[in-house]
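What the coordinates show
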Amino acid sequence: MNLLGPLITSKTRLKLLSRFFLNQNLSGYLQGLSKELEENTNSIRVELNRLEEAGMLNSTLEGRRKLYRVNALHPLASDITSIVRKVAGIDTVIDRVVENLPGLKQVWICGDLARGVPSGSIDCILIGEELDAAYIAGLSAKVHKLVGKKVNTQVMTEIKDEMVSACLLVWEMNTEE
């Protein structure tokens with residue numbers, strides 16, 4: 001995330017933006033975010049309040065706890081998601097893999113990145129028919145050189161139901177033609 005470091009000087013804010021905008025489906029409580037991001041609760045609280053005041057995050061009360069999530073209606077939500085994913089290397093994976101693999105139907109990101117946690121590797125599942133594993137390994141090596149992260153790929157004909165909740169769909173073939 002050092003590409004964004006000079007632009008966003010609060011380390012805690014940078015972690016929160018990554019956490020929420022890598023996967024907009026995620027939500028979080030103050031205490032859980034503090035443990036997950038290994039930051040003290042006061043720093044997390046201050047930054048959550050700033051992001052909520054800016055309209056980037058919404059919160060709802062669940063019992064005595066406040067649950068935060070991305071405000072998908074914010075005019076910059078999709079732009080911030082795009083920037084965070086680009087810095088994480090997800091866009092490079094999609095650009096390199098999608099244009100070069102006929103038969104590819106979906107690309108899923110799993111592991112730390114799907115949970116909104118920055119990672120030194122990119123775990124992805126490629127869904128499609130007759131995908132060339134040797135060619136994919138070569139593409140993974142190229143992406144590794146470009147983004148400096150190891151790319152771990154699995155090839156499947158369809159994603160297993162139990163994997164869907166732990167992964168993030170980042171690309172799907174357009175079937176409207």
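Structure: above.
A brief structural summary. As a convention, each chain's residues are numbered from 1 in the sequence order in which they are written. Only residues with pLDDT of at least 70 get local features here, since the model is predicted, and only at 80 or more are side-chain atom pairs given and counted; chain-wide, interface and lining totals rely on the full set of residues. With hydrogens and water set aside, each side-chain value is computed from the structure's full complement of heavy atoms.

Attention shifts here to the sheet that holds strand β4 (residues 104–110). The sheet built from four strands is open, its strands ordered β6-β5-β4-β7 with mixed pairing. Of all strands in the sheet, those bounded by a partner on one side alone are β6 (150–156) and β7 (168–172). Averaged over neighbouring strand pairs, the angle between their axes works out to 25° when direction is ignored. Note: two strands are recorded as paired if DSSP finds a minimum of 2 bridges between them. Put simply, DSSP H or I for four residues or longer makes a helix, DSSP E for two residues or longer makes a strand, and each gets a number counted from the N terminus. Note: β4 against strand β5 (residues 121–128), six bridges, orientation antiparallel. From the neighbouring strand, C110 faces β5, where its bridge partner is D123. Pairs of residues are marked as contacts when any of their non-hydrogen atoms sit within 4.5 Å. Between N-to-C directions, angles cover 0 to 180 degrees, with each direction set by a line fitted to C-alpha atoms, over the stretch in contact for helices. Across the sheet, helix α6 (residues 133–147) touches β5 and β6, and the angle it forms with β6 is around 150°.

Before going further, it helps to spend a moment on helix α1 (residues 11–21). Only protein chains enter the accessibility calculation, which uses a 1.4 Å probe; a residue whose area is less than 20% of its type maximum is buried, one above 50% is exposed, and one in between is partly exposed. In terms of burial, α1 is largely enclosed, as eight of its 11 residues are buried. Among all positions in α1, only T12, L14, L16, L17, S18, R19, F20 and F21 are buried. Where α1 is buried, its residues meet β1 (27–29), α2 (30–37), α3 (41–53), β2 (57–62), β3 (65–70) and α4 (77–88).

Such coordinate-based values are descriptive only and should not be taken to indicate function.
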